[in-house]
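The lines below spell out each chain.
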Amino acid sequence: MFSFEQNRRSSGFSLSAAGIAAALVLAVCLVRFCLMIRSGLSGMTFADEADHILGSQILGRGGTLYGSYVDQHGPLIFMIGRLYGAVAGWMHPIGVRLVMAGLAMLCAALIALELRPRLLAVLSGLSLFFGLLASFWLMQGLYLFSYYPVAGFLAVLMMAAGMPVFRDGGYGRREAPSRAEAFSAGLCAAGLGLASFSYGPSAVLFAAAIVAGTPSGSRGRVLLCGLAGGVACLGAGLLWMLEYGSLRGWHAFHIYYNRTVYAPFIHFGPMSFLGGLWPSVLPERRIGTFVQLALVLCCGLLMRRSGWRGSRILAVLCLFTAVELLNARGDAGFKAGAQLVAVIGLVSLVLPDGAIRLITRYRLPFLLAAPGLVLMLAGADVLVRHTPSSPFRWSWKQMMSLPPISPYRRAEWPEFVRIRELAGADGRILALPFRPEVYLAADRLPPDRYYEYLPWDAIYARRPYPGEERDICRDLQRLKPAVIIYRPWKTDMYPPGSYLGCVLSLLRADYREDPDFSGIYGLVRKQGGIEPE
């Protein structure tokens, strides 16, 4: 059995000093992470996050996902939002960002369990996890209520709960996951698929890594328990979709839409993926380079630690590919959040044990662990401070100097008061092309199936999935919301009039622009609203 006493005698240094130093580093990292969480609660808003909050609120009012509320993201983020609303309510919508912090704490607990009973490894691993998260939390948008960090935390949970490649078997740890760990890993794998179908290959490869790294005598048990966890998660997701969503709409607007309509707009393909693997010193790609180097380092250490056994090597290769595919777009910004979080978890699980082995082998003082930790975390902090934030492209100084805000709540600004007056108590409003935060500030709902309309929506309207047509030019005459907020923005390929011409015609015919607020159009009615001149 591994013991710290043996290492204390072999190195000639007291482990208590190293433990105290590592505990102090952990305390600093944890405090800093909590401060970043607090800053994130008043941080910059983002339209995708407003979309998730709006959809979750509509589901809480009886709407259906992919039915009355059509969105292209996976259902998991709306499942979480719906649960948050049922438990905490929406008086303070920004509180939903605490979900990310809660997932981080859960990951930290599993990392600590995985690294036990080596106390110094536990302290070092948690310091790395909280310290690196604190560095990237604001600048890479990990604080946002988004499915990218959620997927990353699920990947960390899978690695901490079910990855035998992290276990060497020589220090009193099992080489195979327990039934509960394998079941939990299966739950997380299915959760990755529910976060986005694009994470499906990574989920399969994570599962393959777990099975391949498990000793042959335990593989059957681990496989069955993992499948049970996956089936349980998918079963719960199916029941949720039957109650709050549309399975046909999920296939049409999440899978079919993203694969056939949206993919060309994001230049998705092999070259984009391979481009994301290439190291670069350009400011916007520095964090991506850090991620790639850290992933290669960790997987190299796991290869060496595996004893070069065929099954363990296969497990590490599956793990490496799974993490890479979490960023199949090859993105360098917040959309690579899943991969960034997964690599932070991987570093926290692998490097502490490797450092302890190195210190033990060369009879070095364990007290070296503390300055080593500080140097690594300081390096990450320097990297972040010289990289533009994502998705806002602000500097660190600009991000930290923002005044506190309380977004996504009913606003009493004159503009939104006027929208409510024009819409009435139960009137629907439509904000085009894509401004989900307007509905939250105005405290009014969008028409069924339309809260935005973008160039790719117009392409979908021309070639829809059978039975799931969605064409604003066809439906807007029937829906006629009480207020339309139209403030165009131009994409690289499509000026607004090219795909919203029918909306402009309707505005000229049936709506009148408010004289005090540009871009706000009220429906012309015989009584109430804006009267014709």
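Before going into details, it helps to say that this report is about the structure given with it. (Residues numbered from 1 in each chain as written. Predicted model: local features only at pLDDT ≥ 70, side-chain atom pairs only at ≥ 80, totals over all residues. Heavy atoms only, no water.)

### Remarks on the packing of helix α5 (residues 98–115) against helix α15 (residues 337–361)
We apply this condition: As a rule, the C-alpha atoms of each element are fitted with a line to give its axis, helices using only the stretch in contact, and angles between N-to-C directions run from 0 to 180 degrees. Helical segments are the DSSP runs of H or I of at least four residues, strand segments are the runs of E of at least two, and each set is numbered from the N terminus. Here is the rule for angles: anything less than 35 degrees is roughly parallel, anything more than 145 is roughly antiparallel, 65 through 115 is roughly perpendicular, and the remaining ranges are oblique. Note on convention: near helix rotated counterclockwise from far helix by under a right angle means a left-handed crossing. Clockwise means right-handed. Contacts: residue pairs with any heavy atoms within 4.5 Å of one another.
For the pair α5 and α15, interaxial distance at closest approach is 10 Å and the crossing angle is 25 degrees. Judged on the interaxial angle alone, α15 and α5 are roughly parallel. You can see that α5 and α15 cross each other, and the crossing is right-handed. Packed against α5, whose contacting residues are I111, E114 and L115, the element α15 presents S348, L349 and P352 at the interface.

### Considering the state of the cysteines
Let me state the cut-off plainly: A pair of sulfur atoms, both from cysteines and within 2.5 Å, is called a disulfide here. A 1.4 Å probe rolled over the protein chains alone gives each residue an accessible area, and that area as a share of the maximum for its type sets the label: buried under 20%, exposed over 50%, partly exposed in between.
Under the definition given, this model contains one disulfide. The disulfide that involves C473 links it to C502, with 1.9 Å between the sulfurs. Disulfide C473 to C502: torsion about the S-S bond roughly -75 degrees, handedness left-handed. Of this pair, C473 sits in helix α21 (residues 472–479) while C502 sits in helix α22 (residues 496–510); the two residues are 29 residues apart in sequence, bridging distant segments of the chain. Note on C473: relative accessible area 39%, which makes it partly exposed. Free of any disulfide, C34 has its nearest neighbouring cysteine sulfur in C29, separated by 11 Å. There is no disulfide at C298, and the cysteine sulfur nearest it, in C299, is 6.9 Å away.

### A word on helix α13 (residues 286–305)
Our working rule: A helix is expected to reach a length of 1.5 Å times the quantity of its residues less one.
Here α13 spans 29 Å end to end across 20 residues, near enough to the 28 Å set by a 1.5 Å rise per residue. Burial in α13 covers these residues: I287, T289, V291, Q292, A294, L295, C298, C299, L302 and M303. In the core, the buried residues of α13 are packed alongside α6 (119–136), α12 (270–277), α14 (310–325), α15 and α16 (369–385).

### A short note on the packing of α6 against α15
Spelled out, the test is: The classification used treats Ala, Val, Leu, Ile, Met, Phe, Trp, Tyr, Cys and Pro as nonpolar, Asp, Glu, Lys and Arg as charged, and all other residues, Gly among them, as polar.
Direction vectors running N to C along α6 and α15 enclose 150 degrees, while the axes themselves pass 8 Å from each other. Judged by the inter-axis angle, α6 sits roughly antiparallel to α15. Crossing geometry of α6 relative to α15 is assigned as right-handed. Counted together, L120, A121, S124, G125, L128, F129, L132, L133 and F136 of α6 and L340, I344, G345, V347, S348, L351, P352 and I356 of α15 form the full contact between these two elements. Broken down by class, the residue content of the contact of α6 with α15 amounts to 13 nonpolar, four polar and no charged.

### Let's talk about unusual backbone geometry
With an omega of 10 degrees, the peptide bond running from S390 to P391 counts as cis. Relative to the helices and strands, P391 resides in the loop between α16 and α17 (396–400). The peptide bond linking L432 to P433 adopts the cis configuration, its omega dihedral lying at 0 degrees. Structurally, P433 is set in the loop between β1 (429–432) and α19 (436–442). In this structure, Y408 is a non-glycine residue whose phi angle is positive, near 70 degrees. Counting through the fold element by element, Y408 comes out in the loop between α17 and α18 (414–423).

### Some thoughts on the environment of V483
Counting through the fold element by element, V483 comes out in strand β2 (residues 483–486). Setting aside anything within four residues of it in sequence, one finds V483 in contact with I419, L422, A423, R428, I429, L430, I520 and Y521.

### Some thoughts on the pairing of strand β4 (residues 520–523)
Definition in use: Here, any two strands with at least 2 DSSP bridges between them count as paired.
Of the two faces of β4, the one carrying I520 and G522 and the one carrying Y521 and L523 are both buried. Where β2 lies against β4, three bridges are found, and the strand directions are antiparallel. Bridge pairing links V483 to G522 in β4. Bridge analysis of strand β3 (residues 511–513) against β4 gives three bridges, and the strand direction is antiparallel. Bridging across to β4, R512 finds its partner in G522. Here β3 hands over to β4 after six residues, with G519 in that stretch at a positive phi of 90 degrees.

### As for the sheet that holds β1
Strand order in this open sheet of four strands is β1-β2-β4-β3, and the pairing throughout is mixed. Both edges of this open sheet fall to β1 and β3, since each of them pairs with a single strand only. Strand-to-strand twist of the sheet, defined as the mean angle between neighbouring strand axes without regard to direction, takes the value 20 degrees.

### Observations concerning the nonpolar core
For clarity, the threshold we go by: Here, the term nonpolar core denotes a set of buried Ala, Val, Leu, Ile, Met, Phe, Trp, Tyr and Cys residues that are joined through side-chain atoms within 4.5 Å.
Ranked by internal contacts, the top residues of the largest apolar core, which has 177 residues, are F129, W137, M159, F206 and L319. Considering every element that reaches this core, the biggest residue donor is α15, with 13 residues. Not counting chain neighbours up to four residues away, the residues in contact with F206 comprise A155, M158, M159, M163, L192, L319, A322, V323 and L326.

### Focus on the packing of aromatic side chains
What characterises a pair of aromatic rings is the spacing of the ring centres plus the angle enclosed by the ring planes. As a reminder, the rule being used: Stacked, tilted and edge-to-face are the three classes assigned to paired rings of Phe, Tyr and Trp, where Trp is represented by its six-membered ring and a pair needs centres within 6.5 Å; plane angles under 30 degrees give stacked, over 60 edge-to-face, the rest tilted.
Throughout the structure, instances matching the rule amount to 22 aromatic pairs. The interplanar angle of 85 degrees and the centroid separation of 5.1 Å between the aromatic rings of F33 and W137 together place this pair among those described as edge-to-face. Here F33 is found in helix α2 (residues 15–40), whereas its partner W137 is found in the loop between α6 and α7 (147–162), with 104 residues between them in sequence. Here F129 and F130 contribute two aromatic rings whose centre-to-centre distance is 5.8 Å and whose plane-to-plane angle is 65 degrees, an arrangement assigned as edge-to-face. Given the relative accessible area of 0%, F129 is considered buried. Residue classification places F130 among the buried residues on the basis of a relative accessible area of 4%. Clustering of aromatic rings is evident, with ring pairs tying together F46, Y147, Y148, Y199, F334 and F392.

### Focus on the side chain of S246
Worth spelling out the cut-off: Counted as a polar contact is a pair of N or O atoms within 3.5 Å, where, for protein atoms, one must be capable of donating a hydrogen and the other of accepting one, and residues adjacent in sequence contribute only when both atoms are in side chains.
Summarising the element assignment, S246 is placed in the loop between α10 (219–244) and α11 (247–262). Within the local environment of S246, its side chain forms a polar contact with the backbone nitrogen of G249, the two atoms lying 3.0 Å apart. Beyond its immediate sequence surroundings of up to four residues, S246 is in contact with L65, Y66, M241 and E468.

### Re a nonpolar patch on the surface
We count it as follows: Patch members must show over 30% relative accessible area and no salt bridge, and they are joined within 9 Å when carrying like charges or within 5 Å when they are nonpolar side chains of Val, Leu, Ile, Met, Phe, Trp or Tyr. What sets the accessible areas is the Shrake-Rupley method with a 1.4 Å probe; for residues, cover comes only from the shown protein chains. Here, a salt bridge means any side-chain nitrogen of Lys or Arg that lies within 4 Å of a carboxyl oxygen of Asp or Glu.
A cluster of nonpolar residues, L238, L239, L242 and L247, forms a patch on the protein surface that exposes about 390 Å² of accessible area. Considering the arrangement of structural elements, one finds L239 in helix α10.

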